[in-house]
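Coordinate inspection notes
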Amino acid sequence: RKDIEAVLNGMDILVVPSYSSESFPLIILEGLACGTAILASAFSGMLEVIENGKNGFLFPVSESKALASKISLLANDAKLLREIRQYCIKTARERYDMKIFNNKIRKHFLSVTGI
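A brief look at the structure comes next. (Residues numbered from 1 in each chain as written. Predicted model: local features only at pLDDT ≥ 70, side-chain atom pairs only at ≥ 80, totals over all residues. Heavy atoms only, no water.)

Counted according to the given criterion, the structure contains 4 salt bridges. With a closest N to O distance of 2.6 Å, R85 and D12 form a salt bridge. Placement of R85 in helix α5 (residues 78–95) and of D12 in the loop between α1 (4–9) and β1 (13–16) is noted, with a sequence separation of 73 residues between them. With its nearest N and O atoms 3.6 Å apart, the salt bridge here joins K90 to E94. Taken together, the residues span about one helical turn, with K90 and E94 both in helix α5 at a distance of 4 residues. Looking at E94, the relative accessible area reads 47%, which means it is partly exposed. (Salt bridge = Lys/Arg side-chain N within 4 Å of Asp/Glu carboxyl O. Helix = DSSP H or I, 4+ residues; strand = E, 2+ residues; numbered from the N terminus. Buried < 20%, exposed > 50% of the residue type's maximum accessible area, 1.4 Å probe, protein only.)

With that settled, the discussion passes to the nonpolar core. Most often, soluble globular proteins keep nonpolar side chains buried together rather than apart. Judged by nonpolar contacts, the single largest core of 24 residues is most densely connected at I28, L32, I38, A40, I50, L74 and I84. Examining the composition of this core, we find that 5 residues originate from one element, α5, more than from any other. Not counting chain neighbours up to four residues away, the residues in contact with I38 comprise L14, I28, G31, L32, I50, N55, G56 and F57. (Core = buried A, V, L, I, M, F, W, Y, C linked by side-chain atoms within 4.5 Å. Contact = heavy atoms within 4.5 Å.)

Hydrogen bonds between backbone atoms are what pair the strands of a sheet, whose relative direction is either parallel or antiparallel. What the 3 strands build is an open sheet, ordered β1-β2-β3; its pairing is parallel. The open sheet has two free edges, formed respectively by β1 and β3 (56–59), since each of these has just one partner strand. Neighbour-to-neighbour, the strand axes of this sheet turn through a mean angle of 15°, independent of strand direction. One ladder, built from 4 bridges, connects β1 with strand β2 (residues 37–41); its direction is parallel. Opposite I13, over in β2, you have A37 as the bridge partner. Helix α4 (residues 64–75) contacts β1, β2 and β3 of the sheet and is inclined by roughly 165° relative to β3. Here α5 sits on the sheet and contacts β1, β2 and β3; the angle it forms with β2, its principal contact strand, is near 85°. (Pairing = 2+ DSSP bridges. Axes fitted to C-alpha atoms, helices over the stretch in contact; angles between N-to-C directions.)

With that settled, consider a nonpolar patch on the surface. Taken together, the side chains of M98, F101 and I105 make up a nonpolar region of the molecular surface, amounting to roughly 300 Å² of accessible area. Within the fold, F101 resides in helix α6 (residues 98–113). Judged by its relative accessible area of 35%, F101 is partly exposed. (Patch = residues over 30% accessible without salt bridge, like charges linked within 9 Å, V, L, I, M, F, W, Y side chains within 5 Å. Areas by Shrake-Rupley, 256 points an atom, 1.4 Å probe, with all protein chains shown as cover.)

Given below as C-alpha cells:
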C-alpha cells in the first residue's frame, strides 16, 4: 500500500500476532513512527523493539486470551494508551531515526574493521 502512513495514523493499536520467523517486521517501526501502540507476539525481533508497557505490550505466541486482555486494557484506559502512543514516537525518534541508525552501523563497522 502507498498510504500506510495514513492508515497507521488512523489507528490507536497495531496488532502483530506473528508466530513464524520474522526477524524484524518493518510494520513495527512504521507503527512506532506513527505513534500507534503495538501489541505483538513475544517472538523474535519483537522482543528487541517492544518495551512491555511502554511502547506496547508483548503477549505469548498463539495466546488469544492474553491478546484480548491487552486490547481491552488499552481500549478502556485512555491515559495509558496516550502515554504509550507518545512513547512510541519517542522510541522511533531516539532509536530508529535513519541518521542515528546509520551512525550506529558506521561506528560498529569501524570498530569491527579497525579502520
